[in-house]
Amino acid sequence: MLKFKDVNSDVESRMRDFEKIRIKFKTDVKKAEAKKAAAGKEGKGILKSISEFFSDTPKAPKELNGKK
């Protein structure tokens, strides 16, 4: 027969282990989200880049031969 004190200490140790795992999981999720957000900012993708290139209106030069 188990004593209440033994069972209680076992539950407490398991709760501490669970809390450690939960914190580690939360940090891993945040790292993955940050990595995904950073990856989205760096590369647009070739199709989006091409479509932006053709959709942009050409910019007229501000000065031609020194005249405005």
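Please refer to the structure higher up on the page.
Quick summary incoming for the structure in this document. Sequence order sets the numbering: in each chain, residues are counted from 1 along the sequence as written. Per-residue local features are limited, in this predicted model, to residues with pLDDT of at least 70; the limit for side-chain atom pairs, both in listing and counting, is 80 or more; totals at the level of whole chains, interfaces and linings are taken over all residues. Computation of side-chain values: all heavy atoms of the structure, hydrogens and water removed.

### Notes on the pattern of salt bridges
Here's step 1: Salt bridges are identified by distance alone: a Lys or Arg side-chain nitrogen within 4 Å of an Asp or Glu carboxyl oxygen. A full pass over the atoms with the stated rule returns 3 salt bridges.
Here's step 2: Among the salt bridges present, the one from Arg22 reaches Glu19, with a minimum N-O distance of 2.5 Å. Of this pair, Arg22 and Glu19 both sit in helix H1 (residues 4-42), separated by 3 residues, roughly a single helical turn.
Here's step 3: The partner of Asp28 in a salt bridge is Lys24, with the nearest N and O atoms 3.3 Å apart. Separated by 4 residues within a single helix, Asp28 and Lys24 lie in helix H1, roughly one turn from each other.
Here's step 4: Each residue gets one of three labels from its accessible area relative to the maximum for its type: buried under 20%, exposed over 50%, partly exposed in between, using a 1.4 Å probe on protein chains only. Since its relative accessible area comes to 34%, Asp28 is described here as partly exposed. Each helix is a run of DSSP H or I of at least 4 residues and each strand a run of E of at least 2, with the numbering of both proceeding from the N terminus.

### A word on a nonpolar patch on the surface
Here's step 1: Taken together, Ile46, Leu47, Ile50, Phe53 and Phe54 make up a surface patch of nonpolar side chains, about 640 Å² in accessible area.
Here's step 2: On the secondary structure map, Leu47 appears in helix H2 (residues 46-55). A patch is a set of surface residues, each over 30% in relative accessible area and not in a salt bridge, joined within 9 Å for like charges and within 5 Å for the nonpolar side chains Val, Leu, Ile, Met, Phe, Trp and Tyr. Computed by Shrake-Rupley with a 1.4 Å probe, the accessible areas treat only the displayed protein chains as cover when residues are assessed.

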